[in-house]
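# An overview of the molecular structure
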Amino acid sequence: MNINKNYLNLEQSYLFSTVAKKVVDYCAKNPDKKIIRMGIGDVTLPLCKTVVQAMHKAVDEMGIQETFRGYGPEQGYEFLQNAIKRYYKKRNVELAISEIFISDGAKSDLGNILDLFSTDNVVLVPDPVYPVYVDTNIMAGRKVLFANANSNNGFLPMPDEISQKVDIIYICSPNNPTGAVYNKEQLDAWVKYAQKSNSIILFDAAYESFISDEKLPRSIFEIDGAKDCAIEFCSLSKTAGFTGTRCGYTIVPNELENLNKFWLRRQTTKFNGVPYIIQRGAESVFSEEGQKEIRENIEYYKENAKIISKTLDRCKIWYTGGKHSPYIWLKCPENRTSWEFFDYLLEKIQVVGTPGSGFGKNGEGYFRLTSFNSRENTVEAMQRFESLFGTK
Ligand code: PLP
């Protein structure tokens, strides 16, 4: 038996475990201090009323002989596929049911999709970014190159900066951790590049619902020609608070004939679908009432982001993000490294964030704060911030 030695090439992920350990140690030494956590990328508001009602109804159906359901279609129930189809239609994106695959979230699909690609493909991943893209490719033994995202390019690398032929291109917009969002012209350049170089774009739209500027694209398929060269991953985790409930969807266009067929084959072989109850909840997210309620939650987080941004403005701390994203990406004042700044904030004001260096080498010297928190905590954390960095 030979094990997959590629796993030995994974870098240990110390980010969140080190954050947790530092906080535990600090609390043990300072039991009277109140810590405010602004580091975790998890939602804090509960599921909205309409979703809970839809799920309750589905639970009742499961307890009655006439409406009980066993295994469902691996690629999802048509009622949810149709709801997603209508959702895309609002942005003038036409999807066929056969292009919409329901999943238990974007993370699984982002990893699983790699089954469809040869291991000798070269992968391009933005740096900094959500670490799953790198690790899933390392596990498979693929070569990973990085596209530098930094303050010079507004944390939005472009194809003219690529020096070598790549086959698989990851784009995360709005980006985790920087909150940077590509506009239509920029995404158009990526689509043209992918078409010309016969590469595929894996577009992660997990934070699309945080985009409030109508002119900014929420789906790669708003760009002409994208159906020939892109797959889109989306999730109800941040859109509708499904981080613990688990539901997402992946769009594999029919234009990518083999990939669409392979993905269906892969899912029907290795996946047995998302629970009926969860899919009924997910369907209700796209109803008129559901959309209204999730919008209220998103606006709540966005107001938190505004409170953070305004505080950073007053403290004259450079930042980006926070407008079309739950994340605020700030430059550590006084040229501290990401971890030095982490320790400084914990020690001085007991506010916990995420060191930028945990998202890639270009994240060094930066820090991520999230708006996923209560209003009270956000306000208090920012009052502490302001008392430390002063109003200039
Ligand atoms: N994509 C990005 C960019 C994320 O930040 C996250 C979660 O934080 C995910 C995907 C995972 O989403 P899901 O909960 O649907 O697996």
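For the structure itself, consult the block above.
Not measured: the values here are computed from a predicted model. (Residues numbered from 1 in each chain as written. Predicted model: local features only at pLDDT ≥ 70, side-chain atom pairs only at ≥ 80, totals over all residues. Heavy atoms only, no water.)

It is worth spelling out the side chain of Thr 178 at this point. Tracing the backbone shows Thr 178 in the loop between strand E5 (168-172) and helix H6 (184-197). What makes Thr 178 buried here is its relative accessible area of 1%. At 3.2 Å, the side chain of Thr 178 and the backbone nitrogen of Ala 180 are in polar contact. Excluding anything up to four places from it in sequence, Thr 178 contacts Pro 128, Phe 155, Thr 320, Gly 321 and Trp 329. (Helix = DSSP H or I, 4+ residues; strand = E, 2+ residues; numbered from the N terminus. Buried < 20%, exposed > 50% of the residue type's maximum accessible area, 1.4 Å probe, protein only. Polar contact = N/O pair within 3.5 Å; in protein donor to acceptor, adjacent residues only side chain to side chain. Contact = heavy atoms within 4.5 Å.)

Right, let's get into the sheet that holds strand E6 (residues 200-204). Strands belonging to one sheet form pairs held by backbone hydrogen bonds; the direction of such a pair is parallel or antiparallel. Read from one edge of the open sheet, seven strands run E2-E8-E7-E6-E5-E3-E4, paired in mixed fashion. One side of each edge strand has no neighbouring strand; the edge strands of this open sheet are strand E2 (100-103) and strand E4 (143-148). Each strand axis lies, on average, 20° off the axis of its neighbour in the sheet, ignoring direction. Bridge count for strand E3 (residues 122-127) against E5 is two bridges, and the pairing is parallel. When the sheet's bridge partners are listed, Val 123 is paired in E5 with Ile 168. Seen against the sheet, helix H3 (residues 78-89) touches E2, strand E7 (230-235) and strand E8 (248-251) and runs at an angle of roughly 120° to E2. Helix-sheet contacts for helix H8 (residues 257-270) involve E2, E6, E7 and E8, and the interaxial angle to E2 is about 30°. (Pairing = 2+ DSSP bridges. Axes fitted to C-alpha atoms, helices over the stretch in contact; angles between N-to-C directions.)

So, about the pattern of salt bridges. Counted according to the given criterion, the structure contains 22 salt bridges. Of the charged contacts, one joins Lys 21 and Asp 25 as a salt bridge, the two residues approaching to 2.9 Å between their closest N and O atoms. With Lys 21 and Asp 25 both in helix H1 (residues 15-29) and four residues apart, this pair spans about one turn of that helix. Since its relative accessible area comes to 34%, Asp 25 is described here as partly exposed. Across the pair Arg 266 and Asp 115 runs a salt bridge whose closest N-O atoms are separated by 3.1 Å. Taken together, the residues Arg 266 in helix H8 and Asp 115 in the loop between helix H4 (106-112) and E3 connect sequence positions 151 residues apart. (Salt bridge = Lys/Arg side-chain N within 4 Å of Asp/Glu carboxyl O.)

Okay, the site of the ligand next. Inspection of the region around the ligand gives 14 residues, with Ala 106, Asp 204, Tyr 207, Ser 235 and Ser 237 positioned closest. For the ligand, an oxygen atom lies 2.8 Å from a polar atom in the backbone of Ala 106. In this structure, an oxygen atom belonging to the ligand sits 2.7 Å away from a side-chain N or O atom of Tyr 207. With respect to the pocket detection grid, the ligand is positioned in the largest pocket. Elements with a contribution of two residues or more to the shell around the ligand: H4 and helix H7 (237-240). Considering only residue class, the shell around the ligand consists of six nonpolar, four polar and four charged. (Near = heavy atom within 4 Å. 1 Å grid on protein atoms, 1.4 Å probe; cavity = no way out; pocket = protein on both sides within 12 Å on 5 of 7 lines; lining within 4 Å. Sits in = over half its atoms within 2 Å of the grid points. Nonpolar A, V, L, I, M, F, W, Y, C, P; charged D, E, K, R; others polar.)

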